[in-house]
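# Commentary on secondary and tertiary structure
Chain by chain, the residues run as shown.
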Amino acid sequence: MSGSTAQEARPGPGNGRAVLIIDDEATLARNVATYLERLGWATQVAGSAEQGLDCYTEFRPDVVLLDHNLPGLSGLEALGRLRSIDPQACVVLMTGFGGIELAVAAMKQGAVDYLAKPLALGELKLLLERLLTQSRLESTVDYYRSREAESSGLDKLLGRSAPIVALRDRIGMLLGAERQLTDGDVPTVLILGETGTGKELVARALHFGGPRAAQPFVELNCGALQQQLLESELFGYEKGAFTDARQRKLGLVETAEGGTLFLDEIAEADASTQLKLLKLLEDRRYRRLGSVREQQGNVRIIGATHQPLEQMVREGRFRADLYFRLRIVEIHVPPLRERGDDVLFLARHFLAWHAQRYRRPVPELSAEAEGLLMRHRWPGNVRELRHAMEQALLMAQGAPLTQRELAFLAFDGLAMPATAAAEPPVGAAPADEDLNLERSERRLIMTALQRCGDNVTQAAKLLGISRDTLRYRMERLQLRGEG
Ligand SMILES: Nc1ncnc2c1ncn2[C@@H]1O[C@H](COP(=O)(O)OP(=O)(O)OP(=O)(O)O)[C@@H](O)[C@H]1O
């Protein structure tokens, strides 16, 4: 079987990929086409640049193999035209012997690669496979990036209460100002708020609504890693930098180049990481672990913490210069208990969302359930509410939700009383309450893990202990969790 001419396209049977061969040496072009068709490519052959350009728009090949010595337009000229029809066109220029200068010119004009003639078919096969993998990777990245962008925006920060409306306004104003920036050098932002209030949602809204939206958004929880790991994760390392460094690894600063690096729990960074972050913010410079060479980095840093950072600065536990450099813009995310009726608004939103996930009818909230939701203190904030609504939905039996389905909120020991007066006096526990310490500890840990979808880092925050302490206690009690 030979390759189809431009007038006659024959789709290949296998990989669904197509190649256009533009070459006036008909026999050679046909041989290449036959070889590629055997490998599962659909092919078309054009004998001139003009014919190839006509064919490109209709055939939309994944790759163009373009000869340079053509009768009319040259390969380089055709390359320019192809790239103006389709800036994503993936073109490989075929050059004769000694065509290095030509190859360089082609790459400068956007060719993805070049091949020297006479063609080695094995080399061509390897090149096409590499281009295929690369374009699959690129389209996968594009897919995830657009999916991420769709799920991240100011409109995802739900709520109608005054503090949330004010928060959205503040973010909107910042984004508006960033759009006017002439140098794209967006300010550093520090987001403060209790755990689960939506700090990450705010960071995402800033990135995906801002001028860096098409670049990566990379996040790192500084509290989830030991300090040396944190540094190597952030700045990368050279081969041999430490015992396990078998090959060079890029850090997240490099991965986020041009985009945003969201550092959650930034208060957990130790003195050495703080210093390196300061240098990155001040001079835009950093160094991979084990490297003598400094690198230039262009990332926007957004930090977040639930810790009282200002107090930590006063106590000498966080660098003052880094704190001031971070909080060029400071954003406070209010706790859920200060958002009034938003509790009910969000509860209904999450109930509807989970109901759709589980293919169940959306349960109503009884007045009794509403009262309970409004009285609860929500120490885990919106995240806790989201998990609570999932649990309630699973308990629901068709009727409106009552106290029964939400009983876990009242008795799990993590709910704080709405007023001090409601707090039971010490020693006033009912006679039949289980006071066994180990059982209580197990119950509290299980409740926290359940609320956080088994995420140990989040559960530790909810319990007010470090992740390591929680891990230790879980091991002792033989409990399981993730993260
Ligand atoms: N206003 C909101 N509207 C809708 N969903 C929200 C809102 N705020 C938070 N959420 C949801 O609550 C969960 C926790 O939010 P997020 O991770 O942004 O909180 P956080 O403050 O960064 O938490 P942590 O301090 O533990 O890192 C997420 O599932 C998020 O989508």
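If you check an unreviewed UniProt entry, the protein chain appears there as Sigma-54 dependent transcriptional regulator from Roseateles aquae.

## Description of the overall build of the protein chain
Along its length, the protein chain carries 19 helices and 13 strands. Against the globule reference of 23 Å for 483 residues, the protein chain gives a C-alpha radius of gyration of 30 Å, more extended than a compact globule. Structurally, the protein chain occupies a C-alpha span of about 95 × 60 × 50 Å along its principal axes. Here the protein chain holds 483 residues, and the buried ones make up 46% of them. If you take every contact in the protein chain between residues at least 6 apart in sequence, the share linking residues at least 24 apart comes to 70%. Summed over its atoms, the accessible surface of the protein chain is roughly 24,900 Å², and 51% of this surface lies on carbon and sulfur atoms. In the protein chain, the 60 positive side-chain charges and the 65 negative ones have mean positions that sit 2 Å from each other.

## A closer look at the domain arrangement of the protein chain
Here the domain parsing of the protein chain yields domain 1 (4-143), domain 2 (151-334) and domain 3 (337-419 + 434-477). For domain 2 versus domain 3, the separation of C-alpha centres amounts to 29 Å. Listed per partner, the contact involves 17 residues of domain 2 and 16 residues of domain 3. Interface of domain 2 and domain 3: buried area, both sides summed, is about 1,400 Å²; carbon and sulfur atoms make up 49% of it.

## Examining unusual backbone geometry
Outside of glycine, negative phi angles account for most residues, and trans bonds account for most peptide bonds. For the bond running from Lys 117 to Pro 118, omega is 0°, close enough to zero to count as cis. Within the fold, Pro 118 resides in the loop between strand S6 (113-116) and helix H5 (121-150). Located in the positive-phi region is Glu 265, a residue other than glycine, with phi close to 55°. Within the fold, Glu 265 resides in the loop between strand S9 (260-264) and helix H10 (271-283).

## Remarks on helix H7 (residues 199-208)
Burial of H7 is extensive: eight of the 10 residues sit out of reach of the surface. Taken together, the buried positions of H7 are Lys 199, Val 202, Ala 203, Arg 204, Ala 205, Leu 206, His 207 and Phe 208.

## As for the packing of helix H2 (residues 49-59) against helix H3 (residues 75-85)
Taken N-terminus to C-terminus, the directions of H2 and H3 make an angle of 15°; their axes are 10 Å apart at the nearest point. Of the possible angle classes, the one that applies to H2 and H3 is roughly parallel. Relative to H3, the crossing made by H2 is right-handed. Contacts between H2 and H3 involve Ala 49, Leu 53 and Tyr 56 on the former and, on the latter, Ala 78, Arg 81, Leu 82 and Ile 85. For the contact of H2 with H3, the class distribution of residues is six nonpolar, no polar and one charged.

## Concerning the UniProt feature "domain: Sigma-54 factor interaction" (unreviewed entry) in the protein chain
As recorded in UniProt, the feature "domain: Sigma-54 factor interaction" (unreviewed entry) lies at residues 157-394. Annotation note: span residues 157-394, helix share 45%, strand share 13%, distance between end C-alpha atoms 25 Å.

## Notes on the site of the ligand
Looking at the ligand, there are 21 residues lining it, with Thr 195, Lys 199, Asp 264, Arg 386 and Gln 458 nearest. In the environment of the ligand, a nitrogen atom lies 2.9 Å from a nitrogen or oxygen atom belonging to the backbone of Leu 158. Between an oxygen atom of the ligand and a side-chain N or O atom of Gln 458, the distance comes to 2.8 Å. For the ligand, the accessible surface in isolation is 630 Å², of which the surrounding protein chains cover 90%.

## With respect to the side chain of Glu 238
You can see Glu 238 is positioned in the loop between helix H8 (227-235) and helix H9 (252-255). The buried category is assigned to Glu 238, whose relative accessible area is 16%. Reaching out from Glu 238, the side chain makes a polar contact with the side chain of Arg 288 at a distance of 2.8 Å. In this structure, Glu 238 is in contact with Ala 245, Arg 248, Arg 288, Leu 289, Gly 290 and Ser 291, ignoring residues within four places of it in sequence.

## Here we look at the nonpolar core
Counting 33 residues, the largest nonpolar core has Leu 234, Val 253, Leu 261, Leu 263, Ile 301 and Phe 318 as its most contacted members. For this core, the secondary structure elements donating two or more residues are strand S7 (189-192), strand S8 (217-221), H8, H9, S9, H10, helix H11 (309-314) and helix H12 (320-326). Sorting elements by how many residues they give to this core places H10 first, with four residues.

## Quick look at the side chain of Ser 48
Looking at the element boundaries, Ser 48 is found in the loop between strand S3 (42-46) and H2. Owing to a relative accessible area of 16%, Ser 48 belongs among the buried residues under this scheme. Separated by 3.1 Å, the side chain of Ser 48 and the backbone nitrogen of Gln 51 make a polar contact. Ignoring sequence-local partners within four residues, the contact set of Ser 48 consists of Ile 22 and Pro 71.

## Some words on the sheet that holds strand S13 (residues 329-332)
Sheet architecture is open: five strands sit in the order S8-S9-S12-S7-S13, paired in parallel fashion. The outermost strands of the open sheet, each flanked by one partner alone, are S8 and S13. Each strand axis lies, on average, 20° off the axis of its neighbour in the sheet, ignoring direction. Across five bridges, S8 lies against S9 in parallel orientation. Bridged to Asn 221 within S9 is Asp 264.

The rules behind the values
Residues numbered from 1 in each chain as written. Predicted model: local features only at pLDDT ≥ 70, side-chain atom pairs only at ≥ 80, totals over all residues. Heavy atoms only, no water. Helix = DSSP H or I, 4+ residues; strand = E, 2+ residues; numbered from the N terminus. Rg over C-alpha atoms; globule rule 2.2 N^0.38 Å. Buried < 20%, exposed > 50% of the residue type's maximum accessible area, 1.4 Å probe, protein only. Contact = heavy atoms within 4.5 Å. Areas by Shrake-Rupley, 256 points an atom, 1.4 Å probe, with all protein chains shown as cover. Lys, Arg positive; Asp, Glu negative; His and termini not counted. Charge placed at Lys NZ, Arg CZ, Asp CG, Glu CD. Domains from an automatic or database assignment. Buried area = accessible area lost by both parts, 1.4 Å probe. Axes fitted to C-alpha atoms, helices over the stretch in contact; angles between N-to-C directions. Parallel < 35°, antiparallel > 145°, perpendicular 65-115°, else oblique. Left-handed = near helix turned anticlockwise from the far one by under 90°. Nonpolar A, V, L, I, M, F, W, Y, C, P; charged D, E, K, R; others polar. UniProt positions renumbered as here; feature names shortened; annotations may be inferred. Near = heavy atom within 4 Å. Polar contact = N/O pair within 3.5 Å; in protein donor to acceptor, adjacent residues only side chain to side chain. Core = buried A, V, L, I, M, F, W, Y, C linked by side-chain atoms within 4.5 Å. Pairing = 2+ DSSP bridges.

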